[in-house]
Amino acid sequence: MIFKALANETRSQIMMWLKTPEEFFDEKPYLQQGLSFRTGICVGDIQARSGLAQSVISSYLLTMQKAGLLESERIGKWTYYRRNEKTIQEFSEYIKQKL
């Protein structure tokens, strides 16, 4: 399921954006709300960066979450996504050992 989730170019880009969010997103609004990039990145910010419809981005994020690549946290009416580094590390080890 991870291979399928990463096969889409935009989903792969999202993973890259979430790896180093400070390069792709403005943290100031997060800090003003008492949050940081550790909480994750808001769906709206990911959508704005991608230029795709919110429904498409939500579908992509759900696909990656189901694959275990992302974790989410709902705060108020907003959902924030961050990488699941444990799954990514385990997948990396699998690749090293099996392929």
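Procedures and definitions
Residues numbered from 1 in each chain as written. Predicted model: local features only at pLDDT ≥ 70, side-chain atom pairs only at ≥ 80, totals over all residues. Heavy atoms only, no water. Core = buried A, V, L, I, M, F, W, Y, C linked by side-chain atoms within 4.5 Å. Buried < 20%, exposed > 50% of the residue type's maximum accessible area, 1.4 Å probe, protein only. Helix = DSSP H or I, 4+ residues; strand = E, 2+ residues; numbered from the N terminus. Contact = heavy atoms within 4.5 Å. Expected span 1.5 Å × (residues − 1). Arc of directions from axis to C-beta. Salt bridge = Lys/Arg side-chain N within 4 Å of Asp/Glu carboxyl O. Pairing = 2+ DSSP bridges.

(A) Highlighting the nonpolar core. In this structure, Ile14, Ile46, Leu61, Met64 and Leu69 are the most contacted members of the largest nonpolar core, which totals 26 residues. Sorting the residues of this core by element identifies helix H1 (2–6), helix H2 (9–19), strand S1 (41–42), helix H5 (43–50), helix H6 (54–66), strand S3 (78–83) and helix H7 (85–98) as the ones contributing at least two each. Once residues lying within four places of it in the same chain are set aside, the contact partners of Leu69 are Ile2, Ala5, Leu6, Met15, Met64, Arg82, Arg83, Asn84, Thr87 and Ile88.

(B) Highlighting H6. The end-to-end C-alpha separation of H6 is 18 Å, in line with the 18 Å expected for 13 residues at 1.5 Å each. Buried within H6 we find Ile57, Tyr60, Leu61 and Met64. Summarising the axial view, the buried residues of H6 lie within an arc of 95°, below the 170-degree limit, and thus occupy one face. More than 90 degrees from the buried face of H6, the exposed residues found are Ser55 and Lys66. Looking at the buried side of H6, the elements it contacts are H1, H2, H5, strand S2 (70–75) and S3. Where H6 ends, the next residue or the one after it, Gly68, has phi of about 90°, a positive value.

(C) Looking closely at the pattern of salt bridges. Going through the model one piece at a time under the given rule, you end up with 5 salt bridges. Between Arg82 and Glu73 there is a salt bridge whose closest N-O contact spans 3.4 Å. By relative accessible area, which is 23% here, Arg82 ends up partly exposed.

(D) Just the pairing of S2, in detail. In terms of strand pairing, S2 meets S3 through 6 bridges, oriented antiparallel. Residue pairing across strands places Glu71 opposite Arg82, the latter belonging to S3. Where S2 folds back onto S3 in an antiparallel hairpin, the turn is made up of 2 residues, including Gly76, whose phi is positive at roughly 65°.

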